[in-house]
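Listed below, chain by chain, are the residues.
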Amino acid sequence: MHSDMSKTSIGGIGRDRIADLRETEGAAFRKARPQSQAKVGNGLPGFFGGVPMHWMNDWPTPFPILVDSAKGATITDIDGNKLDDFCLGDTGSMFGHSPPPVARAIRRQAGRGLTYMLPSEDALAIGPLLQQRFGLPFWQIATTATDANRFALRVARAVTGREKILVFNGCYHGSVDETMVRLIDGKPVNRPGLAGEFRDLTRTAKVIEFNDISALEAALGDKDVACVIAEPVLTNSCMVLADPGYHDALRKLTRAAGTLLLIDETHTISTGPGGYTRKYGLDPDFFVLGKPIAGGVPASVWGMSDDVASRYADYNRTKEPGYSGMGTTLSANPLQFAAMRAALEEVMTPENYDRMDHLARRLDAGLTGVIDRYRLPWHVSRVGARVEFICAPGPLRNGAEAEVAHAPELEAAIHVALVNRGVLIAPFHNMMLISPATTATQVNRLITAFGAVAAKLGA
Ligand SMILES: Cc1ncc(COP(=O)(O)O)c(C=O)c1O
């Protein structure tokens, strides 16, 4: 009965209806974008696969939206269509496009040199700002969250002398090779689809389900894991919240096993000015944050505890001389410092977070209201200013459940239908971010558009 249903429906919606919606909305998308279609309908010339970055082909629209400009929480395409932007560069612009203080800082720095491999005076301010805000005493700057994670994991291995790391099924921490593992039918394997990966990554990475304390205890029991790398909420597998008490158990068990804990806040910085870590009193050994930390200028930070820092200093005194394997040339450049300082001091403020949280609650309630009205078997999940609707019942408890809940065909149809109603959400799942620039009117438009699409699907 259940499998028959799943052949004909996804997320409680008939496949025929989804296919119809995709077709009519695809046609409407094209009709509204004659200039874009002429320019990018067959791909951007000169780029492999027709796009400068392969993810740009993963949007469900018939061709990529060719952006003219973006300001605040609005994107305008070259055909003059305006979109309320809730994707916000998949978190890179979660504080709005070109926040004025960041834009001013960039302009100021533009005439003073863009990269020197030496600190600028802004760097003097950044160290203490990171200490106060996130609570860890020692920091380094990198250019992407991927790199920050890679470097922190390297330090974790160096100071523990252990080779293995532990990740949660369904995780994403950037293109960090060693985290690219999954549980399939309960068995650890290389994440399907990895290009050119011939190594068995499960040799050095353990993978368990989130929210499973016994599995964690068992995996750490051999005392061979250098570091657990975790998002405090799984945000890259739909959105899976931690069970009450799970983070306490994670911290206690890692300490007992001599395993370090890396909390990757790149997405959960939506929770508050100090991330989920500060709001819920987590006590990690490493803290990583990338994407929006410099308001959209590529930058990331990684912090370590006193204990890790002193062990790393000892390690460095005894290790053989030579390149550490960490660092990229443009990291910690003065443009990053200028933009990061403006973002931390003037944009990522408690007042802005209050506003974001308030509107995110409104969005959560509005979407839930629509789901209830049309009796859809869906739910909404939220971590601060980050909201997600999931086309399956919830809450979800782990990556395996999230995998089953994911409904790519249905989601693609909904995404294009929302674009045609003036709303942009993240392409890979149904994620929506509220920035300080997002208005109540924009949130209401999204709820109305979602209602209109639900009406079409549920009709
Ligand atoms: C939790 C988390 N960490 C790290 C990253 C990697 O960020 P970047 O692509 O900027 O390196 C991502 C990207 O989505 C992420 O979701």
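The written sequence of each chain sets the order in which its residues are numbered from 1. Residues qualify for local features only when their pLDDT is at least 70, as the model is predicted, and side-chain atom pairs are given and counted only at 80 or more; totals for whole chains, interfaces and linings, by contrast, use all residues. The side-chain values count all of the structure's non-hydrogen atoms but skip hydrogen atoms and water molecules.

(A) Examining the overall build of the protein chain more closely. Strands are runs of DSSP state E lasting at least two residues, helices are runs of H or I lasting at least four, and both sets are numbered from the N terminus onward. A count of helical and extended segments in the protein chain gives 15 helices and 18 strands. We compute the radius of gyration over the C-alpha atoms and compare it with the globule rule, which gives 2.2 Å times the number of residues raised to the power 0.38. For the protein chain, whose C-alpha radius of gyration is 22 Å, the value lies close to the compact-globule estimate of 23 Å for 459 residues. In terms of principal-axis extent, the alpha carbons of the protein chain reach across some 70 × 60 × 45 Å. Expressed as a percentage of its 459 residues, the buried residues of the protein chain come to 55%. Residue pairs at least 24 apart in sequence account for 72% of intrachain contacts in the protein chain once pairs closer than 6 positions are excluded. Only the protein chains shown count as cover for residues, and the accessible areas themselves come from Shrake-Rupley with a 1.4 Å probe. Counting every atom, the protein chain has about 20300 Å² of accessible surface; 54% of that belongs to carbon and sulfur. Charged side chains in the protein chain number 48 positive and 49 negative. The centres of these two groups are separated by 3 Å. Only protein chains enter the accessibility calculation, which uses a 1.4 Å probe; a residue whose area is less than 20% of its type maximum is buried, one above 50% is exposed, and one in between is partly exposed. Residues count as neighbours in contact if any of their non-hydrogen atoms are within 4.5 Å of one another. A positive count includes Lys and Arg, and a negative count includes Asp and Glu. His and the chain ends are not counted in either. Charge coordinates come from a single atom per side chain, which is NZ of Lys, CZ of Arg, CG of Asp or CD of Glu.

(B) Structural context of the site of the ligand. Not every one of the 13 residues close to the ligand is listed here, only the nearest: Thr146, Asn236, Asp264, His267 and Lys291. Polar contacts, as used here, are pairs of N or O atoms within 3.5 Å; protein pairs need one atom able to donate a hydrogen and one able to accept it. Residues neighboring in sequence count only if both atoms are side-chain atoms. Residue Asn236 places a side-chain N or O atom 2.9 Å away from an oxygen atom belonging to the ligand. Separating a nitrogen atom of the ligand from a side-chain N or O atom of Asp264 is a distance of 2.6 Å. Burial of the ligand by the protein chains amounts to 88% of its free accessible area of 390 Å². Being near a molecule or strand, for a residue, comes down to having at least one heavy atom within 4 Å of it.

(C) Local environment of the pattern of salt bridges. Throughout this description, the term salt bridge denotes a Lys or Arg side-chain nitrogen within 4 Å of a carboxyl oxygen of Asp or Glu. Going through the model one piece at a time under the given rule, you end up with 25 salt bridges. Glu409 is the partner of Arg15 in a salt bridge, and the nearest nitrogen-oxygen pair spans 2.9 Å. Taken together, the residues Arg15 in helix H2 (residues 15-31) and Glu409 in helix H14 (residues 408-420) connect sequence positions 394 residues apart. Owing to a relative accessible area of 31%, Arg15 belongs among the partly exposed residues under this scheme. Classification of Glu409 as partly exposed rests on a relative accessible area of 43%. Between Arg341 and Asp122 there is a salt bridge whose closest N-O contact spans 2.9 Å. Here Arg341 is found in helix H11 (residues 334-347), whereas its partner Asp122 is found in helix H5 (residues 121-134), with 219 residues between them in sequence. On the accessibility criterion, Arg341 (27% relative accessible area) is partly exposed. Through salt bridges with shared partners, a single network forms among Lys164, Lys206, Asp222 and Asp224.

(D) Representation of the packing of helix H6 (residues 145-160) against helix H10 (residues 306-318). Across the interface, H6 lies against H10 with an axial gap of 9 Å and an inter-helix angle of 70°. Relative to H10, H6 is oriented roughly perpendicular. Judged by residue contacts, Val155, Ala158, Val159 and Thr160 of H6 engage Val308, Arg311, Tyr312 and Tyr315 from H10. Polar here means any residue other than Ala, Val, Leu, Ile, Met, Phe, Trp, Tyr, Cys and Pro, which are nonpolar, and Asp, Glu, Lys and Arg, which are charged; Gly is therefore polar. Per-class residue counts for the contact of H6 with H10 are six nonpolar, one polar and one charged. Angles shown run from 0 to 180 degrees and are taken between the N-to-C directions of axes, each axis being a line fitted to C-alpha atoms and, for helices, limited to the stretch in contact. Throughout this description, any angle smaller than 35 degrees is read as roughly parallel, any larger than 145 degrees as roughly antiparallel, any in the 65 to 115 degree range as roughly perpendicular, and the remainder as oblique.

(E) Quick peek at the sheet that holds strand S10 (residues 205-208). Should DSSP find at least two bridges between two strands, the strands are regarded as paired. One open sheet accounts for seven strands, arranged S6-S14-S13-S12-S11-S7-S10; its pairing is mixed. Only two strands of the sheet have a single neighbouring strand rather than two, namely strand S6 (138-142) and S10. Averaged over neighbouring strand pairs, the angle between their axes works out to 20° when direction is ignored. For S6 and strand S14 (residues 300-304), the ladder comprises five bridges, and the chain directions are antiparallel. Within S14, the residue paired with Ala142 across the bridge is Ser300. The sheet strands contacting helix H7 (residues 213-220) are strand S7 (164-168), S10 and strand S11 (225-230), and the helix crosses S10 at an angle near 165°.

(F) Looking closely at helix H4 (residues 100-110). For H4, the set of buried residues is Pro101, Val102, Ala103, Ala105 and Gln109. As for H4, its buried residues are in contact with H5 and H11.

(G) Quick peek at the sheet that holds strand S16 (residues 386-390). In spatial order, the strands read S15-S16-S18; together these three strands make up an open sheet with antiparallel pairing. The two strands at the open ends of the sheet, each matched to only one other strand, are strand S15 (379-383) and strand S18 (431-433). Direction aside, the axes of adjacent strands within the sheet are offset by 20° on average. Looking at chain direction, S16 and S18 are connected through three bridges and run antiparallel.

(H) Representation of empty space enclosed by the protein. For each structure, a 1 Å grid was placed over the protein atoms alone; sets of points admitting a 1.4 Å probe that cannot get out are labelled cavities, open sets with protein on both sides within 12 Å along at least five of seven lines are labelled pockets, and lining residues have an atom within 4 Å of a point. Grid points are joined across faces, edges and corners, and a volume is the space filled by probe spheres set on the points. Here the structure, examined in full by the defined rule, presents one cavity of 30 Å³ or more. Roughly 50 Å³ of internal volume is contained in the largest cavity. In terms of lining, the largest cavity is formed by Trp59, Pro60, Thr61, His415, Val416, Val419, Leu424 and Ile425. Among the elements that make up the lining of the largest cavity, the one with the highest residue count is H14 (three residues). Across the lining of the largest cavity, the residue classes tally to six nonpolar, two polar and no charged.

(I) Expanded view of a nonpolar patch on the surface. A cluster of nonpolar side chains, Met53, Trp55, Met56 and Phe428, forms an exposed patch at the surface whose accessible area comes to about 350 Å². Structurally, Met56 can be placed in the loop between helix H3 (34-40) and strand S3 (67-71). Relative accessible area serves as the criterion here: at 39%, Met56 is assigned to the partly exposed category. Residues forming no salt bridge and having over 30% relative accessible area are the ones grouped into patches, like charges within 9 Å of each other and nonpolar side chains (Val, Leu, Ile, Met, Phe, Trp, Tyr) within 5 Å.

(J) Representation of the packing of aromatic side chains in the model. Between the rings of Phe, Tyr and Trp (Trp by its six-membered ring), a pair exists once the centres lie within 6.5 Å; its type follows the angle of the planes, with under 30 degrees stacked, over 60 edge-to-face, and the other angles tilted. All told, the structure shown has 15 aromatic pairs when counted by the stated rule. Between Phe168 and Phe210, the aromatic rings sit 5.3 Å apart at their centres with planes inclined by 85°, giving edge-to-face as the arrangement. On the criterion of sequence distance, the pair formed by Phe168 in strand S7 and Phe210 in the loop between S10 and H7 is long-range, its members being 42 residues apart. Judged by its relative accessible area of 1%, Phe168 falls in the buried class. Three or more aromatic residues joined by ring pairs make a cluster, and in this case those are Phe134, Trp139 and Phe287.

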